[in-house]
Amino acid sequence: MNGDNSDSRIKIVFFFVILITCVLSFKLFQISVLSHGRYVAMAENQYIFTKEMPAERGRIYLSEKDVSASDFNKNYPVALNIEIYDVNVTPRNIRKPKEAAAELAKILDLNEGELFNSINNDKPYLPAIKKGIEKELADKVTDLKLSGVFLTTSESRIYPEASLASQIIGFVNSENAGQYGIEKSFNDTLSGKSGTTTGEKDTKGRIIKQGDTVEGQNGNDVLLTLDRNIQFMAEKKLKEGVEKYECESGSIIVMDPKTGAIWAMANSPDYNINDFSKLASEKKEYLFNNPSVTGLYEPGSTFKALIMAAAIDKGIVEPDTQETFGKSVMVMGYEISTAEDKAFGLETMTDVLVHSDNVGMVWLGDKMGNDVIYDYIKNFGFGEKTNIELPLEQGGVIRDKAKWRDINRATTTFGQGVSITPLQLISAYQTIANGGKLMQPYIVKATKSPDGKISETIPKEVRQVISTETATKLSAMMVEVVERGTGKHAKVEGYKTAAKTGTAQVPNPEGGYFDDTVKIGTLAGYVPAEDPKFVMLVKLDKPKKAEWGETSAGPVFGDMSKWLINYLEMRPSAAN
Amino acid sequence: MLTNTFEHTAYKQRTVERGITLGPTATKFITVILIAVAALFYLVQQTQSATKNYQLQEKKIEKEALLKESERLKVEAIRLQSLDNTTKGAENLGLEQTNSVNYFDAN
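Residues numbered from 1 in each chain as written. Chains lettered and ligands numbered in written order. Predicted model: local features only at pLDDT ≥ 70, side-chain atom pairs only at ≥ 80, totals over all residues.

A. Molecular detail of the overall build of chain A. In terms of regular secondary structure, chain A is built from 18 helices and 23 strands. Relative to the 2.2 N^0.38 estimate, which gives 25 Å for 576 residues, the radius of gyration of chain A is 35 Å and therefore markedly larger than a compact globule would have. In terms of its C-alpha atoms, chain A occupies a principal-axis envelope of roughly 150 × 50 × 50 Å. Out of the 576 residues belonging to chain A, those deemed buried represent 44%. When contacts within chain A are restricted to residue pairs at least 6 apart in sequence, long-range pairs at least 24 apart make up 71% of them. (Helix = DSSP H or I, 4+ residues; strand = E, 2+ residues; numbered from the N terminus. Rg over C-alpha atoms; globule rule 2.2 N^0.38 Å. Buried ≥ 20, exposed ≤ 12 C-beta atoms within 10 Å, placed from the backbone. Contact = placed C-beta atoms within 7 Å.)

B. Structural view of the overall build of chain B. Within chain B, the regular secondary structure consists of three helices and zero strands. Its helices and strands taken in sequence order, chain B reads α-α-α from the N to the C terminus.

C. Layout of the interface of chain A and chain B. Taken together, the 15 residues of chain A in the interface contact 13 residues of chain B. For the side of chain A that touches chain B, the secondary structure elements donating two or more residues are β3 (76–89), β9 (207–214) and α9 (228–244) of chain A. Residue contributions to the side of chain A that touches chain B peak at four residues, all from β3(A).

D. Spatial organisation of helix α12 (residues 304–313) of chain A. Residues and elements named next belong to chain A. Within α12, ten of the ten residues are buried, which leaves the element mostly enclosed by the surrounding structure. Taken together, the buried positions of α12 are Lys304, Ala305, Leu306, Ile307, Met308, Ala309, Ala310, Ala311, Ile312 and Asp313. On its buried face, α12 sits against α13 (349–355), α14 (358–379), α15 (406–413), α16 (422–433), α17 (468–484) and β21 (498–505). Backbone geometry just downstream of α12 places glycine 315 in the positive-phi region, at approximately 80°.

E. Local environment of the nonpolar core. All names here are of chain A. Ranked by size, the top nonpolar core spans 125 residues in total, and within it Ile252 and Ile253 carry the most contacts. No other element matches α14, which puts ten residues into this core. Leave out the neighbours within four places in its chain, and isoleucine 252 touches Ala234, Lys237, Leu238, Ala264, Ala266, Met536, Leu537, Val538 and Met560. Formed by 13 residues, the second largest nonpolar core is a distinct cluster that contains Ile84, Tyr85, Leu115 and Val141. (Core = buried A, V, L, I, M, F, W, Y, C linked by C-beta atoms within 7 Å.)

F. Structural detail: unusual backbone geometry. Residue and element names in this part refer to chain A. Residue serine 268 is joined to proline 269 through a cis peptide bond whose omega torsion reads 5°. Mapped onto the secondary structure, proline 269 falls in the loop between β12 (262–268) and α10 (276–281). Its identity as a non-glycine residue notwithstanding, serine 356 has a phi of 50°, on the positive side. Of note, serine 356 is situated in the loop between α13 and α14. Since 29 C-beta atoms lie within 10 Å of it, serine 356 is described here as buried.

G. Seen up close, the sheet that holds strand β1 (residues 48–53) of chain A. Residue and element names in this part refer to chain A. Spatial ordering of the open sheet is given by β1-β8-β9, a layout of three strands whose pairing is antiparallel. Here the strands that pair on one side only, and so sit at the sheet edges, are β1 and β9. When the angles between neighbouring strand axes are averaged without regard to direction, this sheet yields 25°. One ladder, built from six bridges, connects β1 with strand β8 (residues 195–201); its direction is antiparallel. By the bridge assignment for β8, lysine 51 is matched with threonine 197. (Pairing = 2+ DSSP bridges. Axes fitted to C-alpha atoms, helices over the stretch in contact; angles between N-to-C directions.)

H. Just the sheet that holds strand β23 (residues 534–541) of chain A, in detail. All names here are of chain A. Within the open sheet, the five strands sit side by side as β12-β11-β23-β22-β21. Their pairing is antiparallel. The open sheet has two free edges, formed respectively by β12 and β21, since each of these has just one partner strand. Neighbour to neighbour, the strand axes of the sheet diverge by 5° on average, direction disregarded. In the sheet, strand β11 (residues 249–255) pairs with β23 via seven bridges, with the strands oriented antiparallel. Looking at the pairing, isoleucine 252 lines up with valine 538 of β23. Across the sheet, α17 is in contact with β21 and β22 (519–527); its angle to β21 comes to roughly 65°.

Okay, structure coming up:
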């Protein structure tokens, strides 16, 4: 009996041993074979890391005087990257919250009481208590050696010149995407491509082995044609003009007449690029736009020089063609008067420009006809974008010539009923300054890839709009405008300035125009007339302390010209 | 004759009886020792390799930090060269703007 019991117990134990062995074997099989991949992945997750290596965004440079594009990095960077730090806190790990709050609040300029309340608890996570601090401050936080306080880093874009050329440069948003200006239009060029790196880390998260690396590519650098000093001075003179004449806003553009390169594009008001998010929260996004390419307006009398150029180029008149004009003329029942409401009598075409005579221009328009005027306006580049490398550019509005009535033709001759941008107007004046050749305006001088390859922009001729002979005649006529006409405030002693003023009425969205107190004063021209070294446009919007363009934009043009003459080291014009 | 026999015997005994023979226990012991030594050698190598990796990584981090610091200082220099800073500096120094420039004719 005992022997039987003993055998059966052994069998039972043996059975359980076999059963447990089978269960364990099955489990082992399940883990090591069936779920092999999953457990390997889990293990790898614990010690293998993959880290994204973001590409460094390219810099934006302004040109320095006499520094060529091949010496790319000798120019001045106006958009570049720095490392910034966020201060993070894990409340449950802070040993002495009271002392920690006091020390952190002092360094980070925070409210001590509020900080203490937020960190005096057992929470495992808290949003960063301070974002975007720079290294100097971050080092002070690190030196405190507080438990539960740590820093995280990220790249940030900074703009060391703050408001200089702000509406041309633009900015990047929190996702590092370009917004406005060159940051937007050259976003792909500046961004580059991110890379990745893999490796192994230990239990404390320290990297012990670097593995495969997929190399990223940093963004290209962009060099603008804007000359840092000219841009700075244009902004300074513009601000002074806007303040002096109590204007709502204004613009100055300076261009190289030979190439179409923009040397300065100043607008007022502007903004500090480093404060863009604050301005956005204050609903002041309108400051981000660049009115030199987005702002449409009626050019007024500055348009007369272009119509005159077309008439001379077509052989319809010559500078000394004479005619007698009254103080007003009737067109389709509308009375068009001279700006000063007086008759100039017998005038040459040069006199028509010198006096900025509306009546003389209406007569000229009548002789030219719709087709000639329209074709030349289009050839000067109005009614279509210049295709400068800036976002949101407007092409302006030139009414279809099939719909022109006599009154449309008449008002067009003195710059009413057409809407243009300041950039289009200076391009048209550049055409005259450049012997009749319209150049494509451009603002990017070169780009440079991370491997050092430099691609320079080649100036592009758009078309020959007027003959060189006509351009020379126009220059002489516009010199007269400055010497004895409306442009005398633009004159710089010893230098021949060719320019034309304009005092344009501002269209009322409800129809017609605002009253005579709401005007835009413009002066466009170039120096020296015989071999222009720069072409410039000054536009002052709604000045309260000056009635005419000649008395608001004129002095600013003259002041800026004087500075440019010194800066560009220009020799005086030869005396006649 | 007797001498020769003795010499011959003595020679034979020295070569055969004093030779090293390994029994099964000794073989196992030596094998274990060799494996242990190999394992130890492997461990030392691995440890040294890991230590070198740490050191290399630390040097890389140090290099990155120095490069970042260098970059930061360059940025700081750029900031100090901004025109806003320069003009303020000129004002603080009491410098005056050039208002007119006269050129002499070289001829």
